[in-house]
Amino acid sequence: MNVYDSNRILDLTKKINYVLTNTINEADCYVLNTCHIREKATDKVYHEIGRVKKEFKNKNKPIVLIAGCVAQAEGDILLKKERYIDAVVGPQSYHKINDMILNIEKNSKPFNYTDFGVIEKFDTLNHIKNSDSKISSFLTIQEGCDKFCKFCVVPYTRGAEFSRSIIELVKEVKQLVSNGSKEITLLGQNVNAYNYKGKKLSDLISEIAKIDALKRIRYTTSHPKDFTEDLIQAHKDCAKLMPLIHLPVQSGSNRILENMNRKHTIEDYLQIIKKLKKVNPNIKLSSDFIIGYPGETQDDFEKTLELVRNVKFINSYSFIFSARPGTPSFHLKKIDNNLAKERLLIFQKISKQIKTEYREELLEKTIPVLFENKTKNENKYFGRDECFNSVIVESHEDLTGKIKNIIITKVSQNTLFGEISSKLIHKDFAA
Ligand code: SAM
Ligand code: SF4
């Protein structure tokens, strides 16, 4: 979501004649877009400001703006502690960025813009052309969260659940597709809670699937509580909907899930997977896990391992519990840090093993890959398969934007390598 926000900040600032530079010390304005999910986010801001200060030691100071969730949560402290910062702008206020920059150009007083103007934000953004022209683009369709998991800052930094107008979203997808995008990832903190005047995520998917030049649709991040039957059915009905579903579970223990206020059980979770696989046997899962949540016993941890072995997630993102100020679990007694680290290592070893086995099974298989760009190595192209695996292929033909059937010849932990196949498989993949 921060990538989408950063692109939109660029689109907005073009209106006041700012353009992107890849050379830091040439910048007139420096925007640091931040995430506050885990610890050290604020330290990273101070570190980054230190780097900018160094770059501009013998030059005029650029305008320095801190955007995103750290600005939302700790804006006043940042402005007080680091005088180099001109303004902080929360994730729901960045549509005001041009006024902020123009104000700062006139007047050097530090500003804090952290209102929750989410309706106003998207009203403004809807009128600014989305210039993203990547083969695979992101589109924020939903923001905020009403779930209040006890460990999580999102409901406090991004505010309540809000869904954008389906008409505006279809318009923005058409814009992205006319810019050259072939794949769109629909984004939201709870993307499957999308509900605009009764139109759900499945309705939006079926609307945008009608756009001919759009070849692939993904969505992330889903919450098990909002995984409704219509969305499951969409995985049967919509061939453009990709079969990898990122469905964070956090723990394999119902006791911990309840303590976290996750609002779903392991049985609910497994039931969703069962239904998904019934409508589409190609479905694969990835998930997020919090290891060492306060009160996690060895038995709870083993239930998490059991779940991982049972579901065989093709990617598992695991984090040690990080106590976030302002959340209900901040004051809970933490488990021993060494024990948490030990569990994380065990967890990661098992999930890596599962991932390796899955990837080895892909050897010699023929799979469709959408190519996104040429790599720095000559004649090598980077693309992704339907399950979002990175694939590298050598070709003399420009593959950018094309979908080709690829025979996988080599696998590593993070990349698949292959060759173009002449074999045609179940669909017409002309792009
Ligand atoms: N909405 C999604 C869901 O329901 O799970 C997750 C969004 S959250 C922004 C991304 C991931 O960060 C979570 O799935 C969780 O695993 C991790 N996370 C959030 N707060 C955390 C914390 N306090 N400590 C460790 N990991 C955390
Ligand atoms: Fe955070 Fe996701 Fe829970 Fe919302 S549902 S509070 S975003 S972890």
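Here the residue numbers are simple positions, counted from 1 along each chain's written sequence. Here every chain gets a letter starting at A, and every ligand a number starting at 1, in the order they are written. For a predicted model such as this one, the threshold for reporting local features is a pLDDT of at least 70, and the threshold for listing and counting side-chain atom pairs is 80 or more; totals across whole chains, interfaces and linings nevertheless cover every residue. Side-chain metrics in this entry use all non-hydrogen atoms of the structure; hydrogen atoms and water are not considered.

Enquirer: Honestly, the overall build of the protein in this entry has me stumped. Any pointers?
Expert: The secondary structure listing takes helices from DSSP runs of H or I that are at least 4 residues long and strands from runs of E that are at least 2 residues long, numbered from the N terminus. Looking only at helices and strands, one finds 13 helices and 19 strands in the protein. A radius of gyration in this sense is built from C-alpha atoms; the matching globule rule multiplies 2.2 Å by the number of residues raised to 0.38. What you see for the protein is a C-alpha radius of gyration of 23 Å, in line with the 22 Å of a compact globule of 431 residues. For the protein, the C-alpha atoms occupy an extent of roughly 65 × 55 × 45 Å along the three principal directions. Each residue's exposure class comes from its accessible area (1.4 Å probe, protein chains only) as a fraction of the maximum for that residue type: buried when under 20%, exposed when over 50%, partly exposed otherwise. Across the 431 residues that make up the protein, the buried fraction comes to 55%. Note on areas: these come from Shrake-Rupley sampling with a 1.4 Å probe, and a residue is covered only by the protein chains present in the view. Here the protein has roughly 20700 Å² of accessible surface; of this, 50% comes from carbon and sulfur atoms. Between the centroid of the 68 positive side chains of the protein and the centroid of its 55 negative side chains there is a distance of 1 Å. For the purpose of counting charges, residues Lys and Arg are taken to be positive, whereas Asp and Glu are taken to be negative. His and the chain ends are not included. Every charge is mapped to an atom, namely NZ of Lys, CZ of Arg, CG of Asp or CD of Glu.

Enquirer: Help me out: how do you make sense of the site of ligand 2 in this one?
Expert: Summary of the distance rule: residues count as near a molecule or strand when at least one heavy atom falls within 4 Å of that molecule or strand. Neighbouring ligand 2 are the residues Cys 145, Lys 147, Phe 148, Cys 149, Phe 151, Cys 152, Val 154, Pro 155, Asn 190, His 223 and Arg 262. Residues were grouped as follows: Ala, Val, Leu, Ile, Met, Phe, Trp, Tyr, Cys and Pro as nonpolar; Asp, Glu, Lys and Arg as charged; and all remaining residues, including Gly, as polar. When its residues are assigned to classes, the shell around ligand 2 shows seven nonpolar, two polar and two charged.

Enquirer: Quick question: what am I supposed to make of the packing of helix α12 (residues 298–311) against helix α13 (residues 337–361) here?
Expert: Axis angle and axis distance: for two packed helices, these are the angle between their axes and the distance between the axes, and together they describe the pair. An axis is simply a line fitted to the C-alpha atoms; with a helix, the fit covers only the stretch in contact. Between two such axes, the angle follows the N-to-C directions and lies from 0 to 180 degrees. With their axes 10 Å apart at the nearest point, α12 and α13 run at an angle of 10 degrees to one another. When the axis of α12 is compared with that of α13, the two are roughly parallel. Of α13, the residues touching α12 (which contributes Gln 298, Phe 301, Thr 304, Leu 305, Val 308 and Arg 309) are Arg 343, Ile 346, Phe 347, Ile 350, Ser 351 and Ile 354. An angle below 35 degrees is treated as roughly parallel, one above 145 as roughly antiparallel, one from 65 to 115 as roughly perpendicular, and anything else as oblique. A contact between two residues is defined here by any heavy atoms of the two lying within 4.5 Å.

Enquirer: Any chance you could explain the site of ligand 1 here in plain terms?
Expert: Every one of the 17 residues lining ligand 1 counts as a neighbour, but Phe 151, Gln 189, Gln 250, Asp 288 and Ser 322 are closest to it. Contacts to ligand 1 include Gln 189, whose backbone N or O atom sits 2.8 Å from a nitrogen atom. Between Gln 250 and ligand 1, the recorded distance is 2.7 Å, taken from a side-chain N or O atom to an oxygen atom. Relative to its free-state accessible area of 560 Å², ligand 1 is covered by the protein chains to the extent of 89%. Polar contact criterion, stated in full: a pair of N or O atoms within 3.5 Å, where within protein one must be able to donate a hydrogen and the other to accept it, and residues adjacent in sequence count only if both atoms are side-chain atoms.

Enquirer: Mind showing me how you'd approach the packing of helix α9 (residues 229–237) against helix α11 (residues 266–279) here?
Expert: Here α9 crosses α11 at 30 degrees, and the two axes come no closer than 8 Å. In terms of their interaxial angle, α9 and α11 are classed as roughly parallel. The chirality of how α9 crosses α11 is right-handed. Here α9 contributes Glu 229, Ile 232, Gln 233, His 235 and Lys 236 to the contact with α11, which in turn contributes Lys 275, Leu 276 and Val 279. For any helix crossing, the convention is left-handed if the near helix is rotated counterclockwise from the far helix by under a right angle, and right-handed if that rotation is clockwise.

Enquirer: How should I be thinking about the environment of Asn 261 in this particular structure?
Expert: Here Asn 261 lies in the loop between α10 (254–260) and α11. Distance in space between the C-alpha atoms of Asn 261 and Cys 149 is 5.0 Å, their sequence separation being 112 residues. If near-sequence neighbours (up to four positions away) are discounted, Asn 261 is found in contact with Lys 147, Phe 148, Cys 149 and Lys 150. Here the side chain of Asn 261 touches Lys 147 through a polar contact of 3.5 Å, landing on its backbone oxygen.

Enquirer: Would you take a moment to explain the pattern of salt bridges for this structure?
Expert: Pairing of side chains with opposite charge becomes possible as their charged atoms draw close. A carboxyl oxygen of Asp or Glu within 4 Å of a side-chain nitrogen of Lys or Arg is what we treat as a salt bridge. Taken as a whole and assessed by the stated rule, the structure comprises 24 salt bridges. Glu 168 is the salt-bridge partner of Lys 171, the closest N and O atoms lying 3.4 Å from each other. Of this pair, Lys 171 and Glu 168 both sit in helix α7 (residues 166–179), three residues apart, which is roughly one turn of that helix. Ionic pairing is found between Arg 343 and Glu 296, a salt bridge with its closest N-O pair at 2.9 Å. Of this pair, Arg 343 sits in helix α13 while Glu 296 sits in the loop between β13 (284–291) and α12; the two residues are 47 residues apart in sequence, bridging distant segments of the chain. A single burial state applies to Arg 343 and to Glu 296, both of which are buried. Among the ionic contacts, a cluster of salt bridges with common partners joins Arg 8, Asp 11, Lys 14, Arg 164 and Glu 172.

Enquirer: Quick question: what am I supposed to make of the sheet that holds strand β8 (residues 183–187) here?
Expert: In sheet architecture, strand pairing relies on hydrogen bonds along the backbone and comes in two forms, parallel and antiparallel. Any two strands are treated as partners once DSSP identifies two or more bridges connecting them. Read from one edge of the open sheet, three strands run β5-β8-β11, paired in parallel fashion. Of all strands in the sheet, those bounded by a partner on one side alone are β5 (136–140) and β11 (216–220). This sheet shows a mean twist of 25 degrees between the axes of neighbouring strands, independent of strand direction. Relative to β8, β5 runs parallel, the two being bridged by five bridges. The partner of Thr 140 across the bridge, within β8, is Leu 187.

Enquirer: Would you mind showing me how to read α11 here?
Expert: Structural remark: α-helix, 3.6 residues per turn; residues separated by three or four positions point the same way. Helix span, as expected, comes to 1.5 Å for every residue beyond the first. Helix length check: α11, at 14 residues, gives a terminal C-alpha distance of 20 Å against a target of 20 Å (1.5 Å per residue), a fit within 8%. For α11, the set of buried residues is Ile 266, Tyr 269, Ile 272, Ile 273 and Leu 276. The arc that holds the buried residues of α11, viewed along the axis, is 125 degrees, so those residues lie on one side. Facing away from the buried side of α11, by more than 90 degrees, are the exposed residues Glu 267, Lys 274 and Lys 278. Residues of α11 that are buried sit in contact with α9, β12 (244–246), α10, β13 and α12. Residue Thr 265 occupies the N-cap position of α11, its side-chain oxygen lying 3.4 Å from the main-chain nitrogen of Glu 267. What the arc measures is the spread of directions leading from the helix axis to the C-beta atoms.

Enquirer: Explanation requested: the packing of aromatic side chains in the structure shown.
Expert: Describing an aromatic ring pair means giving the distance of the ring centres and the angle of the ring planes. We call Phe, Tyr and Trp rings a pair once their centres come within 6.5 Å, taking the six-membered ring for Trp, and we label the pair stacked below 30 degrees between planes, edge-to-face above 60, and tilted otherwise. The full count for this structure, using the stated rule, is seven aromatic pairs. Plain terms: the ring middles of Tyr 269 and Phe 313 are 6.4 Å apart, the flat faces sit at 45 degrees to each other, and that makes the pair tilted. You can see Tyr 269 sitting in helix α11 and its partner Phe 313 sitting in the loop between α12 and β14 (315–320), a full 44 residues away along the chain. Of the residues examined, Phe 313 reaches a relative accessible area of 1% and is grouped as buried. Three or more aromatic residues joined by ring pairs form one cluster here, namely Tyr 269, Phe 289, Phe 313 and Phe 347. Positioned above the aromatic ring of Phe 388, the side-chain terminus of Arg 384 is 3.9 Å from the ring centre. We call a charge positioned over a ring when the NZ of a Lys or the CZ of an Arg lies within 6 Å of the ring centre and within 35 degrees of the ring normal.

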